[in-house]
Amino acid sequence: MKRLFVMLCMQVGLVVTCLAQVPQDGLKTKNISDTFLLPTRSLLLKGPFNPQTALQQLFPGKHYRLTDGKYVNEMINWECKTAKRKQYEDVNEDGLGGFPYENGVATRLLDAMDFKDSSGMQYKVISFNHSEFDADGAQVSRFTGGLLGLAKFVLTDQGWNLRMFTPAIKAYGAFSNCPTPKSLQIGVDQYAFILKSSNGPAGGPYYGSYFMIAGINGAYQQVMAAYAVELTGGEEDGVVPCTWTSTYSVPASDKKYFRDILVTTTGTASASDMDHVPKGVEAFLKGKKSVKFVEERRFVYKGPAKGYEEQLPAKVSQAK
């Protein structure tokens, strides 16, 4: 039944992790010590940096690399029977419960990013995704995001030294998949990580939001949320849908750290889809069926407790 559901999801274009060469008796987990989940743990990697090897050192469970042609499903399956489970927010408000998950965890590498600061120090940041363990290696929960974690390794004379480790931050995305964070310079030798999380019902509309992660006081945490930065059209008969997309930037500033973030949205508002017309755009629609618009939203950092806050009102104008 599970395999039939996965194939159905694939046929209708939904985001899932496919099955590939799963052992006949299914995938297994390995119990690890709760000391591996401590943010203060130490780890030194010798030789050239390999992000997958680094991830296996961080979470030494059972490693699988399942392939089917060009498709690769690589994961580390583990459980921790002694860990105290902690609730992490899911942006879809439909989380799986306490982490580490009771039924086990599947951890997958998302990306490895390279950095070099003005002093010449080299470091790498790997991002990884946690989902609930599945014996088929599938990720099929539409309204459950993938739990994001980050780890920073600094190059020293001895090797790559783990400098900052946050095993879990928050869940983003859909189908237990977290979008891959992208680096963004927000200050002098200061980088944050931004991702766009999208979800919605079958047929749409799909809303997208930006979320930013930054290192504060030795740990990574979410510092900004910009909601409704994207809207795809739904499939409702007789309605011309509102649609828009956004970009983000860091305007030039004399701030040394945590510079302002500008989110610019461009799109089309439709008089037949008033439920989705952004605030401030309604006036442009008087006597018209649709209108193109530009919206600029500025986010300003207010300290570790509050993070970035949006400066209201947003600047809205009519586009040609």
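Residues numbered from 1 in each chain as written. Predicted model: local features only at pLDDT ≥ 70, side-chain atom pairs only at ≥ 80, totals over all residues. Heavy atoms only, no water.

## Considering the overall build of the protein chain
Moving on, step 1. A count of helices and strands for the protein chain gives two helices and 17 strands.
Moving on, step 2. The C-alpha atoms of the protein chain give a radius of gyration of 22 Å, which matches the 20 Å a tight globule of 320 residues would have.
Moving on, step 3. In terms of its C-alpha atoms, the protein chain occupies a principal-axis envelope of roughly 65 × 55 × 35 Å.
Moving on, step 4. The long-range share in the protein chain, meaning contacts at least 24 apart out of those at least 6 apart in sequence, stands at 60%.
Moving on, step 5. Per element, the accessible surface of the protein chain, about 16300 Å² overall, is 50% carbon and sulfur. (Helix = DSSP H or I, 4+ residues; strand = E, 2+ residues; numbered from the N terminus. Rg over C-alpha atoms; globule rule 2.2 N^0.38 Å. Contact = heavy atoms within 4.5 Å. Areas by Shrake-Rupley, 256 points an atom, 1.4 Å probe, with all protein chains shown as cover.)

## A look at the nonpolar core
Moving on, step 1. In terms of nonpolar packing, the biggest core is built from 26 residues, with L58, F59, W78, I126, F128, A151 and F153 touching the most fellow members.
Moving on, step 2. Elements with a minimum of two residues in this core: α2 (51-58), β4 (71-79), β6 (122-132), β7 (146-155) and β8 (160-166).
Moving on, step 3. In terms of nonpolar packing, the next biggest core, distinct from the first, is built from 18 residues, I186, Y210, V229 and F258 among them. (Core = buried A, V, L, I, M, F, W, Y, C linked by side-chain atoms within 4.5 Å. Buried < 20%, exposed > 50% of the residue type's maximum accessible area, 1.4 Å probe, protein only.)

## Notes on the pairing of strand β11 (residues 190-199)
Moving on, step 1. Within β11, seven of the ten residues are buried, leaving the element largely enclosed by the surrounding structure.
Moving on, step 2. One ladder, built from five bridges, connects strand β10 (residues 182-187) with β11; its direction is antiparallel. Bridge pairing in β11 links S183 to F193.
Moving on, step 3. Taken together, β10 and the strand that follows it, β11, pair antiparallel across an intervening segment of two residues, in which D189 is found at a positive phi of about 55 degrees. (Pairing = 2+ DSSP bridges.)

## Some details on the pattern of salt bridges
Moving on, step 1. On inspection of all chains with the given rule, the structure shows seven salt bridges.
Moving on, step 2. One salt bridge connects R297 with E310, and the closest N-O pair in it is separated by 3.1 Å. Taken together, the positions of R297 in strand β16 (residues 290-301) and E310 in strand β17 (residues 308-318) put the pair 13 residues apart, joining distant regions of the chain.
Moving on, step 3. Exposure remark for R297: the relative accessible area of 8% places this residue in the buried category.
Moving on, step 4. Through salt bridges that share partners, K255, D260 and R298 make up one connected network. (Salt bridge = Lys/Arg side-chain N within 4 Å of Asp/Glu carboxyl O.)

## Comments concerning α2
Moving on, step 1. Buried residues of α2: Q52, A54, L55 and L58, and no others. End-on view of α2: buried residues confined to an arc of 155 degrees, all on one side of the axis.
Moving on, step 2. The N-cap residue of α2 is N50: its side-chain oxygen and the backbone nitrogen of Q52 are 3.0 Å apart. (Arc of directions from axis to C-beta. Polar contact = N/O pair within 3.5 Å; in protein donor to acceptor, adjacent residues only side chain to side chain.)

## Looking at the confidence of the model for the protein chain
Moving on, step 1. The predicted model of the protein chain averages 90 in pLDDT, with 93% of residues at 70 or higher.
Moving on, step 2. Note on residues 1-17: pLDDT is under 50 here. Beyond four places in sequence and across chains, it has 26 contacts. (pLDDT = per-residue confidence, 0-100.)

## Concerning the pairing of strand β3 (residues 62-68)
Moving on, step 1. With seven bridges joining them, β3 and β4 adopt antiparallel strand pairing. From the neighbouring strand, R65 faces β4, where its bridge partner is E74.
Moving on, step 2. As consecutive antiparallel partners, β3 and β4 are separated by two residues, and within that stretch G69 has a phi angle of approximately 65 degrees, a positive value.

## Quick word on the environment of F293
Moving on, step 1. When you line up the elements, F293 lands in strand β16.
Moving on, step 2. For the pair F293 and D260, spaced 33 residues apart in the sequence, the C-alpha separation amounts to 23 Å.

## A word on unusual backbone geometry
Moving on, step 1. F99 connects to P100 through a cis peptide bond whose omega is 0 degrees.
Moving on, step 2. Turning to its location among the elements, P100 is positioned in the loop between β4 and β5 (105-116).
Moving on, step 3. Note that the residue after L312, namely P313, is joined by a cis bond; omega there is 0 degrees.
Moving on, step 4. Mapping P313 onto the fold places it in strand β17.
Moving on, step 5. Backbone geometry at F175 places phi at a positive 50 degrees, although glycine is not the residue there.
Moving on, step 6. Structurally, F175 is set in the loop between β9 (171-172) and β10.
Moving on, step 7. At D189, a position not held by glycine, the phi torsion is positive, near 55 degrees.

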